[in-house]
Amino acid sequence: MSDIELTVKQLRELVAGPVFGPSDPGFEAETVTFNTTVNARPALVVGALDRQDVAAAVSFAAEQGFAVAVTSTGHGAVPGGMDGALVINTSRITEISVDPQARTVRVGAGNRWGEVVEACAPFGLMPPAGAAPHVGVVGYLLGGGLSPLGRALGFAADHVRALELVTADGTHRRVDADHHEDLFWALRGGGGGLGVVTAVEIGLSPVSSLYGGTVFYPGERAAEVLRAFRDWNDDRLPDAACGSLALQRLPDVPQLPEPLRGRFVVALRYAYPGDPAEGARLLAPMRAAAEVILDTVGELPLTAFGAIHNDPTAPMPVWERGDLLPALPDEAIEALLSAAGPEAADAPFLAELRRLGGALARAPRHANALDVRHAAYTLFAVAPPSGSGLFTTMAPWTLGAGLPTMRGVAPAARTPEAAARLAEIKDAWDPAGLLR
Ligand SMILES: Cc1cc2nc3c(=O)[nH]c(=O)nc-3n(C[C@H](O)[C@H](O)[C@H](O)COP(=O)(O)OP(=O)(O)OC[C@H]3O[C@@H](n4cnc5c(N)ncnc54)[C@H](O)[C@@H]3O)c2cc1C
């Protein structure tokens, strides 16, 4: 028996969930990644069933000298992140319980946003979910989480009431505003690496109706739509009106509506959690900005929130990067068009501006690690694996760093104070650097 087979056998004695070594069937499926350029090469994987499994696996890794990495859906996997590590797959740790009176939901580490929204919607309550129903709750929350309803609701991390996690010493802890305040601050927006989260409690917002969808314009009208989008945003748009604009090079595939297939389009994604008539009134200037190829904006059940962005659901090999823009002057629009517009030779598949501000710019009740809140827009691009020159062209107008969940290969935007505090907290809770 090889060393790794022996290690797998030893860990099987300690946990209830399955343990996979490289020669076991199912090993590769445990660490699939949404970005298929990331090839995970873990030493071994444990499919934890509960917090006891997580605690046993963390202690075992420390004793045996393995680093610990965590995966749930693989949507946020980064190159090298799992290589050589004992990987804890949390996707089997599922639970969703809604407390409609307290307006909170308790969610297990393995749940995805779509399931959580399904559970909350019957009560007219909405969690701060991201654009895609298939993204995992915990990875998104740890990085801050920017919802398509972000301007109305604020960052997702601002709604986290409590987290339960196993820290590097193998102890399961509950962390909230009154318990382990340093971890509570760091886990909301600081990224991962401070423990293996087993459950979270999240505050919910009453949302009686949702008006949303996408307005598509032809790529040739990108310049005027971009300027109209900037002016519309600047024109005292209320916080509840949430918009993003994407320049998209769409494939010619039957899954897309016929008018969009194989075209370069400009997509305005819009969400208004409130009276649909008011939502339509606020959107009117954008509907009139240029001729429209397709307009899907209308009343949506909360559970159809994925239809606002319509993100792809199949894994793909891609390069991703995100950044932040304090403003969007005409020169920045010109630069964006030159590198990502319909005439650009190497335009990314997607270059997306999301309008920030509103509740996203306000400090949360309990401060957290997400402390760069002054930017006006995020810029996020998805390109072929060879990358894109977009961010070099845009450098005069960007901060050079992105939101933790939407930065791709860029660094996370943090003040020096927040970065130093995060490093101190990491040293205090994981002095041996066990957790990736
Ligand atoms: C199609 C798509 C749409 C997206 N839309 C948005 C969006 O609208 N807004 C936004 O902000 N982001 C968005 N994202 C980014 C997404 O939030 C991040 O990729 C996030 O990291 C995914 O989390 P996950 O748990 O699904 O992924 P995973 O790859 O399973 O986890 C990512 C990382 O999170 C950490 N982690 C996960 N679970 C745990 C745990 N239990 N304990 C400790 N650490 C853990 C680990 O470091 C892990 O490497 C999107 C991503 C995709 C692919």
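All of these numbers come straight from a predicted model, not from anything done at the bench. (Residues numbered from 1 in each chain as written. Predicted model: local features only at pLDDT ≥ 70, side-chain atom pairs only at ≥ 80, totals over all residues. Heavy atoms only, no water.)

Trainee: Explain the overall build of the protein chain here, please?
Mentor: Helix and strand counts for the protein chain stand at 11 helices and 19 strands. At 22 Å, the protein chain has a C-alpha radius of gyration in line with the 22 Å of a compact globule built from 436 residues. Its C-alpha atoms give the protein chain principal-axis dimensions of roughly 65 × 50 × 40 Å. Classification of the 436 residues of the protein chain by burial places 56% in the buried group. At a minimum sequence separation of 6, the contacts of the protein chain that also span at least 24 residues come to 74%. Just so you have it, the protein chain exposes about 17400 Å², and 52% of that area is on carbon and sulfur atoms. With 34 positive and 49 negative side-chain charges, the protein chain shows a spacing of 2 Å between the two charge centroids. (Helix = DSSP H or I, 4+ residues; strand = E, 2+ residues; numbered from the N terminus. Rg over C-alpha atoms; globule rule 2.2 N^0.38 Å. Buried < 20%, exposed > 50% of the residue type's maximum accessible area, 1.4 Å probe, protein only. Contact = heavy atoms within 4.5 Å. Areas by Shrake-Rupley, 256 points an atom, 1.4 Å probe, with all protein chains shown as cover. Lys, Arg positive; Asp, Glu negative; His and termini not counted. Charge placed at Lys NZ, Arg CZ, Asp CG, Glu CD.)

Trainee: Hey, could you run me through the packing of aromatic side chains in this one?
Mentor: When we look at a pair of aromatic rings, we describe it by the centre distance and by the angle of the planes. Summed over the entire model, instances satisfying the criterion amount to six aromatic pairs. Ring plane angle 55° and centroid distance 6.0 Å describe the contact between phenylalanine 229 and tyrosine 377, whose orientation is recorded as tilted. Here tyrosine 377 lies in strand S19 (residues 377-383) and phenylalanine 229 lies in helix H7 (residues 222-234), a separation of 148 residues in the sequence. Side by side, phenylalanine 229 and tyrosine 377 carry an identical accessibility label, which is buried. Ring geometry for tryptophan 232 versus tyrosine 270: centroids 5.9 Å apart, planes at 50°, classification tilted. (Phe/Tyr/Trp six-rings, centres within 6.5 Å; stacked < 30°, edge-to-face > 60°.)

Trainee: Please clarify how the domain arrangement of the protein chain should be interpreted in this entry.
Mentor: Reports of interface size often rely on the accessible area that becomes lost once the parts have come together. Assigned domains of the protein chain: these are domain 1 (3-89), domain 2 (96-206) and domain 3 (210-406). Each partner contributes residues to the interface: domain 2 has 38 residues there, and domain 3 has 38 residues. Summed over both partners, the interface of domain 2 with domain 3 comes to about 2900 Å²; 70% of that surface belongs to carbon and sulfur atoms. The largest contributions to the domain 2 side of the interface with domain 3 come from Leu146, Arg151 and Phe155, which together make up 31% of the buried area. Across the domain 2-domain 3 interface, the total number found is one salt bridge. For aspartate 158, the salt bridge goes to arginine 373, with nearest N and O atoms at 2.8 Å. Our enumeration of links across domain 2 and domain 3 arrives at 15 residue pairs in polar contact (both at pLDDT 80 or more). Counting residues per element, the ones that place at least two in the side of domain 2 that touches domain 3 are helix H3 (113-120), strand S7 (125-126), helix H4 (137-142), helix H5 (150-153) and helix H6 (181-187). (Domains from an automatic or database assignment. Buried area = accessible area lost by both parts, 1.4 Å probe. Salt bridge = Lys/Arg side-chain N within 4 Å of Asp/Glu carboxyl O. Polar contact = N/O pair within 3.5 Å; in protein donor to acceptor, adjacent residues only side chain to side chain.)

Trainee: Would you mind going over the sheet that holds strand S4 (residues 86-89) with me for this structure?
Mentor: Paired through their backbone hydrogen bonds, the strands of a sheet run either parallel or antiparallel. Here four strands make up an open sheet; going across it, the order is S1-S2-S4-S3 and the pairing mixed. One side of each edge strand has no neighbouring strand; the edge strands of this open sheet are strand S1 (19-20) and strand S3 (68-71). Here helix H2 (residues 51-64) sits on the sheet and contacts strand S2 (44-47), S3 and S4; the angle it forms with S4, its principal contact strand, is near 170°. (Pairing = 2+ DSSP bridges. Axes fitted to C-alpha atoms, helices over the stretch in contact; angles between N-to-C directions.)

Trainee: I tried to follow the site of the ligand on my own but got confused; where do I start?
Mentor: Around the ligand lies a shell of 30 residues, among which Ser72, Thr73, Gly136, Leu146 and Thr405 are the nearest. Within the side chain of arginine 354, an N or O atom sits 3.1 Å from an oxygen atom of the ligand. The fraction of the free accessible surface of the ligand (950 Å²) that becomes covered by protein chains is 87%. Among the secondary structure elements, those contributing two or more residues to the shell around the ligand are S3, H4 and strand S10 (196-203). Here the residues of the shell around the ligand are counted per class, giving 14 nonpolar, 14 polar and two charged. (Near = heavy atom within 4 Å. Nonpolar A, V, L, I, M, F, W, Y, C, P; charged D, E, K, R; others polar.)

Trainee: Explanation requested: the sheet that holds strand S5 (residues 96-99) in the structure shown.
Mentor: A sheet is described by the order of its strands in space; here five strands give the open sequence S5-S6-S10-S8-S9, paired in antiparallel fashion. Where the open sheet ends on each side, the last strands, each with one partner, are S5 and strand S9 (172-176). Across the sheet, the mean angle separating the axes of adjacent strands is 15° when strand polarity is ignored. Relative to the sheet, H3 contacts S5, strand S6 (104-108) and S10, its axis offset from that of S5 by approximately 35°.

Trainee: Looking at this structure, how should I read the pairing of strand S14 (residues 264-272)?
Mentor: Each regular strand shows side chains that alternate between the opposite faces of the sheet. For S14, a buried count of nine out of nine residues is recorded, marking the element as mostly surrounded by other parts of the structure. Burial of the side chains of S14 extends over both faces: Phe264, Val266, Leu268, Tyr270 and Tyr272 are buried on one face and Val265, Ala267, Arg269 and Ala271 on the other. Sheet topology note: the strand S12 (residues 210-218)/S14 ladder contains eight bridges and is antiparallel. Within S14, the residue paired with glycine 213 across the bridge is tyrosine 270. Sheet analysis places strand S13 (residues 242-249) next to S14, joined by eight bridges and oriented antiparallel. Bridging from a neighbouring strand, arginine 249 pairs with phenylalanine 264 of S14.

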